[in-house]
Every structure is written in C-alpha cells, then in structure tokens.
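Structural characterization, general
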Amino acid sequence: MSALGENVRKHRRLAGLTQEQLAYAAGLAPSTVAKLEQGGNVRIETLHILARALHVRTSQLMASDTPEPVQGEDPTLVGLAELRSALTPPMSITGDSGDGPDEEPNLSVLLEVIRTGSSAYDSDNFGSVAAKMPQMIRDANSAVAYFDNGEERRKALSARAEAYLLGGRYLTQVRQYDLAYHALSGAIQDARTVQDMNTAGYAVVIMSWLLLRQGRFDDAERAAIETADHLEPRISKAPPERLAVWGWLALQAAAAAVRNNRPDDSADARRIAESAAAALGRHADAGHRFGRFDSAVAGMKGLEDELISENGDPCRVIYESTGNARFSDHAMKAARIAETDKEWNRHRLTVATAYVKVGDHEKALDRLTAVEYANPQWLRHQRMAQDVMAAIVRRRKRKLTPGMRAMATRLGVLG
C-alpha cells in the first residue's frame, strides 16, 4: 500500500466509513477508493473530493512516496535544453560561469527586449517566448556580471528580475515546475535586492500558481497570504500596480484555501481581492505591468472557486455567465474586453465545467470552441479544458458528435 493509500484508509477509518460509504459521500465509484487504498494513483481533483467527504484538508491526504518509474524520455528535455542551460548554467570548481561580456551591455535595449517578450507571452505567442528566452536570460546574467555597483547594477538586477519572472510564467504554463521554481526564486531575490516589491510580489503570485498546480495547497496559501500581508497598501493612496499585485495575491490565497477544504479562509481572502479591485476601479488610469485585474476578474475567480467548494452550485455559475448577466460573453464584449483575454477565457472554461456538471455537453463544447477560436495556443496548455472534454467523453450516453470527437482529438483526450 502506498503512503497516499494509507492516509486515505486511515482517515476513512477515523471517520467510521467503509470504502463504499466514502465513495458514496464523495460521488465516486467504490472501485476508485479501493484502488487508491491498494496503491493506485488519482488526480489531485479526485483527492480533493475525497478530502471534502472526509472533512479534512486535501494536504492531509498527501504524503511523500516513491514515484513511479519513468517510462521513456521526457520530450521536453531536448526542446528546453537551451533554456535550461541559460537558467541553470554548469558549475565548475572555479565558480566561473563565463557570463561576463566583453563590452558594456545596453540596459535600455535589454529591458525593451524583456518587455517585448512579456507582451508576446500575454498574447499567447509561446513559440516566440521559447525561442528568445535563453538569450534573454544570458544577456540579463551578463549585465549583472558586468555591473558590480551603482545605478547600473540596480538596473541590471531589475531587468534580470523581469526576465526571470517571464521565464517562470512561461515554464509554469508549460508545466516545467522545477525549472519554473528556479526562475521565480531568482526573480524574487533580484527584485527584493533592488526593493522592487511589486515585481517580487507578482513573482510570488506566479509561485503560488506553481505550488497550486503541484497540489501544495498549504504552501501556496502561505506564500500568497504572507506576501499580501507584507505588501498591504494604504488603499486610498496606493498606486494601481501595488493594488493589482495585492489583489492577485489574495485571489491565489483564496484558490489554494478552497482547494484545501477551508472555505471560510477562502472567502476572507476573496474579500481582500474585492477590496483591491474596488480601489483599483477608482483610478482613472489603472494601467500596470501585471495583467488585467478588476472587479470582473475577482468575480469570475469567485465563480471558479464556487465549483470547487462543498456546496458549489453549477447552476449559479451558468446563471451569472449567460444572457446579459455580469460575466456573460455579451457583458465582456460590451466592456470591450479582448477576445484573447486570458481571464475571460479561463472563465469560459469554468462555465464549460458547470455545463458538464449539469449534463449539457453541447453547451460545454460551445465554450471550448469559443476559447479555441480566440486562444488556440493557450487552450492546448489548459488542463481544465482537457478535463471538460474527458468528462464529456466519459459521461455522454449518446454517440459523440463530430465536433466533440474533433475537439477531444485536438486536446489529446482521444488518440
């Protein structure tokens, strides 16, 4: 029996439940619980459902265990070799990584290149980011190595912090978590060194997202909450950038808490996010570097958490997101939100999930199709989209439509 199976078995017995009773309470097949306790593996989402039925934190069911043997080579080893070399250069006994340039770096040009790369990432041009990222990181390291003091040193560290942050965002998106952690740690360290606490705080936002994807809910919440407490602004005087970072940290804390079966803490964090969004809405010019954050984003994230909470109501999610409701496609278009906006499309996936839960597979597919039309590259990397399509394939009693088969194939759900 695996450590995970032992934990589930222990908490089931403490709750006085049989395997069948736990399966019934969780809405799962009895065979799922039996296989898990015998050493099988399950998705984090399934573990969350079991933890909710057992009235414990999801993290309480997790434990270190020997991983399964790796089957075959990781195809990303070749594709990310150059970026891996730039982020984690080889070390020798001399300690010389060879980063020092022969001539003085142009810091203005370097920062412009990094921010152009960030814009490419925000536009889902992942291929461009992947191609340019290794040289970007090398140039940032060279600049830091060249300037050893003064204002130039500060600017070089600030530029490298942004380069590392971009690397961490990209690598988390493509699920290269260990390398992403290294990049984000570097971003936080460099940003703190130059007292750019907004960049450091946003790097923690992405770090919390990374930890959430790894199922490290306690760590994700702690990192976000501690940083939010440290950066808490005077709302009446805070600039937009600080408010946005503070709000994103609160949303990440809420997402981690609800997935860890702590709804009250999640609600508290979401109220902080709503306060930040309301304050940000009072600024005539709310532009900042860290993505769209407003009351609509906070509300849509709240609906995403609604589907995860114990008493989550998919019908409410659908009601709030259709017709002329606040979070409908019509409302987003009226607010002049771009079709490529990640938060809007993430919300469309939330609505698709809600439609699957109520058995309306055609409308779930409509949401996936809308996202694919706007953000085809982004959709390929969304586990939620794969989960929606897998649920349709698994639950649909009638024959899959041609559109469903085509979408399932594109998302890798069907061979």
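Bear in mind the structure is a predicted one, so any value in this text is a computation, not a measurement. Each chain carries its own residue numbering, running from 1 in the direction its sequence is written. Local features in a predicted model are, by the rule used here, given only for residues with pLDDT of at least 70; side-chain atom pairs are given and counted only at 80 or more, and totals for whole chains, interfaces and linings are based on all residues. Only heavy atoms go into the side-chain values, all of them from the structure, while hydrogens and water stay out.

**Overview of the overall build of the chain**
Convention followed: The numbering of helices and of strands both runs from the N terminus, where a helix is a DSSP run of H or I of at least 4 residues and a strand a run of E of at least 2. A radius of gyration in this sense is built from C-alpha atoms; the matching globule rule multiplies 2.2 Å by the number of residues raised to 0.38. Three exposure classes are used, based on accessible area relative to the maximum for each residue type with a 1.4 Å probe and protein chains only: buried under 20%, partly exposed in between, and exposed over 50%. Contact between two residues is taken to exist if any of their heavy atoms lie within 4.5 Å; hydrogens are not considered. When charges are counted, neither His nor the chain ends are considered; positive counts come from Lys and Arg and negative counts from Asp and Glu. All charge positions are set by atom: Lys at NZ, Arg at CZ, Asp at CG, Glu at CD.
Within the chain, the regular secondary structure consists of 23 helices and zero strands. Taking 2.2 N^0.38 as the reference for a compact globule, 415 residues should give roughly 22 Å; the C-alpha atoms of the chain span a radius of gyration of 23 Å, in line with that estimate. The dimensions of the chain, computed from C-alpha atoms along their principal axes, are 70 × 55 × 45 Å. With 415 residues in all, the chain has 50% of them scored as buried. Counting only contacts in the chain whose residues sit at least 6 apart along the sequence, the fraction spanning at least 24 positions is 68%. Averaging the positions of the 53 positive and the 53 negative side-chain charges in the chain gives two centres separated by 7 Å.

**Re helix H3 (residues 30–37)**
Spelled out, the test is: Note that the arc is defined by the directions from the helix axis to the C-beta atoms.
Along H3, the positions that sit buried rather than exposed are Val33, Ala34, Leu36 and Glu37. Buried residues of H3 fall within an arc of 165 degrees about the axis and therefore sit on the same side. Buried positions along H3 lie against helix H1 (3–14), helix H2 (19–26) and helix H4 (44–54). A positive backbone phi angle near 115 degrees is found at Gly39, which sits one or two residues after H3.

**Focus on the packing of aromatic side chains**
Threshold: Aromatic contacts are taken between Phe, Tyr and Trp rings whose centres are within 6.5 Å, Trp giving its six-membered ring; a plane angle under 30 degrees counts as stacked, one over 60 as edge-to-face, and the others as tilted. In this scheme, Lys NZ or Arg CZ marks a charge over a ring once it lies within 6 Å of the ring centre and within 35 degrees of the ring normal.
In total, this model carries four aromatic pairs according to the counting rule given. Relative to Phe126, the ring of Tyr121 has its centre 5.5 Å away and its plane inclined at 45 degrees; by these criteria the two rings are tilted. Each member of the pair, Tyr121 together with Phe126, is buried. With 5.0 Å between their ring centres and 80 degrees between their planes, Tyr146 and Phe147 make a pair best called edge-to-face. Note on Tyr146: relative accessible area 35%, which makes it partly exposed. Here the guanidinium or amino end of Lys342 rests over the ring plane of Tyr121, the centre of that ring lying 5.3 Å away.

**Focus: the pattern of salt bridges**
Our working definition: By convention in these notes, a salt bridge is any Lys or Arg side-chain nitrogen within 4 Å of a carboxyl oxygen on Asp or Glu.
Evaluation of the coordinates by the stated rule reveals 29 salt bridges. Put simply, Arg154 and Glu151 hold a salt bridge, and the shortest N to O gap is 2.8 Å. Taken together, the residues span about one helical turn, with Arg154 and Glu151 both in helix H10 (residues 150–173) at a distance of three residues. Assessed through its relative accessible area of 41%, Glu151 is described here as partly exposed. What emerges from the salt-bridge pattern is a single network uniting Arg259, Arg270, Lys301, Glu304, Asp305, Glu343 and Arg346.

**As for the environment of Val413**
Considering the arrangement of structural elements, one finds Val413 in the segment after helix H23 (402–410). Judged by its relative accessible area of 26%, Val413 falls in the partly exposed class. Along the sequence, Val413 and Gly299 sit 114 residues apart, while their C-alpha atoms lie 30 Å from each other. Look past the residues within four positions of Val413 in its chain and what remains in contact with it is Gln386, Met389, Ala390, Val393 and Ala408.

**Brief notes about unusual backbone geometry**
For His55, which is not glycine, the phi torsion reads 60 degrees and is therefore positive. Considering the arrangement of structural elements, one finds His55 in the loop between H4 and helix H5 (58–61). Backbone geometry at Gln195 places phi at a positive 60 degrees, although glycine is not the residue there. Mapped onto the secondary structure, Gln195 falls in the loop between helix H11 (177–193) and helix H12 (197–213). Judged by relative accessible area, Gln195 falls into the exposed class, the value being 61%.

**Description of the packing of helix H22 (residues 383–395) against H23**
The condition that has to hold: Here an angle of 0 to 180 degrees is reported between the N-to-C directions of two axes, which are lines fitted to C-alpha atoms, with helices fitted over the stretch in contact. Roughly parallel covers angles under 35 degrees, roughly antiparallel covers those over 145, roughly perpendicular covers 65 to 115, and oblique covers all other angles. Left-handed describes a crossing whose near helix is turned anticlockwise from the far helix through less than a right angle; right-handed describes the clockwise counterpart. Classification convention: Asp, Glu, Lys, Arg as charged; Ala, Val, Leu, Ile, Met, Phe, Trp, Tyr, Cys, Pro as nonpolar; all other residues, Gly among them, as polar.
Contact geometry for H22 and H23: axes closest at 10 Å, N-to-C directions at 135 degrees. It follows from the interaxial angle that H22 and H23 lie oblique. Our pair here, H22 against H23, has a crossing hand that is left-handed. Seen from H22, the contacting residues are Met389, Ile392 and Val393; seen from H23, they are Met404, Met407 and Ala408. Its residues assigned to classes, the contact of H22 with H23 comprises six nonpolar, no polar and no charged.

**So, H22**
For clarity, the threshold we go by: Multiplying one less than the number of residues by 1.5 Å gives the expected span of a helix.
End to end, H22 covers 18 Å across 13 residues, agreeing with the expected 18 Å (1.5 Å per residue, within 8%). For H22, the complete set of buried residues consists of Met384, Ala385, Val388, Met389, Ala391 and Ile392. Down the axis of H22, the sector holding all buried residues measures 155 degrees, keeping them to one side. The inward-facing, buried residues of H22 contact helix H16 (295–308), helix H19 (342–357), helix H20 (361–374), helix H21 (376–380) and H23.

**Re the environment of Ala253**
Turning to its location among the elements, Ala253 is positioned in helix H14 (residues 240–259). It is 17 Å that separates the C-alpha atoms of Ala253 and Phe290, two residues lying 37 residues apart in sequence. Setting aside its immediate chain neighbours within four residues, Ala253 contacts Glu221, Ala224, Ile225 and Ala269.

**A closer look at the environment of Ala254**
Positionally, Ala254 belongs in helix H14. Note: C-alpha distance between Ala254 and Leu4 (250 residues apart in sequence) is 25 Å. Those residues in contact with Ala254, other than ones at most four positions away along the chain, are Ser266, Ala269, Arg270 and Asp305.

So far we have only geometry, and geometry alone does not tell us how the molecule works.
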